[in-house]
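Observations on the three-dimensional arrangement
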Amino acid sequence: MMKAADIMTKDVVTIRGAATVAQAVDLMKEKSLRALIVERRHDQDAYGIVTETDIVYKVAAFGKDPKNVRVYEIMTKPCIVVNADLGVEYVARLFANSGIRRAPVIKDKLLGIISVTDILTKSDFVEQPKEVFFESKIHEAIENARAICAEKGPTSPECAVAWDVVEEMQAEAAHQRSRKVDKTAFDEYCEEYPEALEARIYDN
């Protein structure tokens, strides 16, 4: 599974919050960028981000002089950040839910920046759709659970744990598809071995 760190842009361009918007525009033009990460003032400070949209909507649209407006006046801070180990599909979902197009990638420190363009051009979602990948893993987990239950017995703790794994995977797959699971693999197994249900009634 590809992670944010696999497709992020590592060459991150930053700017100080005290810099003028004119300086930010010059830097964006020079580096052909649509956003800049705003540096932290100290280690406990949050990262910020200033985008071309911020500049157009908050400065140009009101006829303000960009040489007299500071980046900190128009930036978003704290901005949404992405963990370097987050799976690409979760990054895409985060972007969709929050309406953003890019975010800094953080793991103790600033490592890079990831955008919708990175997801589109660098990830493997076309060649390796996660729905297909997940279904394959679920099938393997079901076969493994059935094998464990055949060896240890349908009422054994090992059998119950194996089906827990399957149901967690099925729940995650259903969440990704925004669709409820009508009948789990364990439900189908219980139709063959009703006694298996008792093994999954845990004490609180």
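Calculation notes
- Think of each chain on its own: its residues are numbered from 1, step by step along the sequence as written.
- Confidence filtering applies because this is a predicted model: local features only for residues at pLDDT of at least 70, side-chain atom pairs given and counted only at 80 or more, and all residues used for totals across whole chains, interfaces and linings.
- As a rule here, side-chain values come from all non-hydrogen atoms in the structure, and water together with hydrogens is ignored.
- Per-residue accessibility, obtained with a 1.4 Å probe over protein chains only, is compared with the maximum for each type, and a residue is labelled buried under 20%, exposed over 50%, and partly exposed between these values.
- Secondary structure elements are taken from DSSP: a helix is a run of H or I of four residues or more, a strand is a run of E of two residues or more, and numbering for both begins at the N terminus.
- Two strands pair under a simple rule: DSSP has to find at least two bridges between them.
- Handedness is read with the strands pointing away from the viewer; a crossover is right-handed when the path from the first strand over the helix to the second is clockwise.
- Any pair of cysteine sulfurs within 2.5 Å is marked as a disulfide.

Side chains of strand β2 (residues 35-38) alternate between two faces, with A35 and I37 and L36 and V38 buried alike. Examined bridge by bridge, strand β1 (residues 14-15) and β2 share two bridges and lie parallel to one another. Bridging across to β2, T14 finds its partner in I37. A crossover connection joins β1 to the parallel β2 through helix α2 (residues 21-31); in handedness this β-α-β unit is right-handed. In this structure, β2 lies alongside strand β3 (residues 48-51), joined through four bridges in antiparallel fashion. Considered in β3, the bridge of A35 is made with T51.

This brings us to the state of the cysteines. Tallied over the entire structure, the rule returns one disulfide. One disulfide in the model links C149 with C159; its S-S distance is 1.9 Å. Between C149 and C159 the sulfur-sulfur dihedral comes to about 90°; the bridge is accordingly right-handed. You can see C149 sitting in helix α7 (residues 130-152) and its partner C159 sitting in helix α8 (residues 157-177), a full 10 residues away along the chain. C159 carries the same exposure label as C149, and that label is buried. Distance from the sulfur of C190, which forms no disulfide, to the nearest cysteine sulfur (C159) is 8.4 Å.

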